[in-house]
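Coordinates in review
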Amino acid sequence: MMNKRLIITGLALCMLVATATGAGDTFEKIKKELAGAEFCRMEFLSILESEVFQSVDTTQGHAYFAVDGRYVVKIGPDTYLYDNETLYSYSETQNQVTVERLAPSQARRDDVSFVTRLDDYYETFPVTPNAEYRLVKTVQEAESIPDSLRLFVNGESGQLDRIEFIDLNEDINRIIFLDVTVSDICDTAMFIPQFPDSVETIRL
């Protein structure tokens, strides 16, 4: 679950990035569009490369973010839903959902805190303007998020390209963005948890 939670942090970083890049910078334009949107949908490939096991695993996923902090992230058979009160972690393979009630102040504390407070956790350094950026964590107490990230944008298309980071297992994580769309309309029904009646529920 740790790798997937780190993927969620990587995805959510694209929702709100307050950095010191110039006004004409492509990344600046992208983050303003994403931060101002009522709703954002992302389609992506999650690539996990393990040097220890000499393996590469690729999983397709979708992420949906509301401007108020709610989100749904689907990675393969697993779904993570946060409705601003409770985090649901659902495994289709095990037909099991873990339910953890979190107040907004608690939810901002670690994994998804940067969704609305990225400046409190990272500082951004342009490596190549309009192409590559490095984000470095400034709050070491936030142990569940990567210490640093590399983010790439396509300067010609003005779209996100990918992010890369090393997780706690020292595996290389890459998130390749296939499609990113924003909208002024948010379907709130998608943030209502709906799981099979037969699901096993574990409450933390």
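This one's a predicted model, so the numbers in the text were calculated from it and none came from an experiment.

**Remarks on the overall build of the chain**
Of the regular secondary structure elements, the chain holds 4 helices and 12 strands. Taking all 204 residues of the chain together, the buried fraction comes to 46%. Partitioning the contacts of the chain with sequence separation of at least 6, the portion at a separation of at least 24 is 49%. On the chain, roughly 10500 Å² of surface is accessible, and the fraction owed to carbon and sulfur atoms is 47%.

**Examining the pairing of strand E7 (residues 122-128)**
The sheet contact formed by E7 and strand E8 (residues 132-137) spans 6 bridges and is antiparallel. Residue Glu123 lies in a different strand from E8, and its bridge partner there is Val136.

**Some thoughts on the confidence of the model for the chain**
Taken residue by residue, the chain gives an average pLDDT of 81. The fraction at 70 or more is 80%. Across residues 16-23, where pLDDT falls below 50, the model places 21 contacts with residues more than four positions away in sequence or in other chains. Segment residues 108-113: pLDDT under 50, and 16 contacts once partners within four positions in sequence are set aside and those in other chains are kept.

**What about the sheet that holds strand E4 (residues 78-82)?**
A sheet is described by the order of its strands in space; here 12 strands give the open sequence E7-E8-E9-E10-E11-E1-E2-E3-E4-E5-E6-E12, paired in mixed fashion. Edge positions in the open sheet fall to E7 and strand E12 (200-203), since each of these has one partner strand only. Going across the sheet, the axis of each strand differs from the next one's by a mean of 20°, ignoring polarity. As judged from the 5 bridges shared by E8 and strand E9 (residues 148-154), these two strands associate in the antiparallel manner. Note that in E9 the partner of Tyr133 across the bridge is Leu151. Against the sheet, helix H2 (residues 26-36) engages strand E1 (39-50), E8, E9, strand E10 (159-166) and strand E11 (172-183), with an angle of about 100° to E9.

What counts and how
Residues numbered from 1 in each chain as written. Predicted model: local features only at pLDDT ≥ 70, side-chain atom pairs only at ≥ 80, totals over all residues. Heavy atoms only, no water. Helix = DSSP H or I, 4+ residues; strand = E, 2+ residues; numbered from the N terminus. Buried < 20%, exposed > 50% of the residue type's maximum accessible area, 1.4 Å probe, protein only. Contact = heavy atoms within 4.5 Å. Areas by Shrake-Rupley, 256 points an atom, 1.4 Å probe, with all protein chains shown as cover. Pairing = 2+ DSSP bridges. pLDDT = per-residue confidence, 0-100. Axes fitted to C-alpha atoms, helices over the stretch in contact; angles between N-to-C directions.

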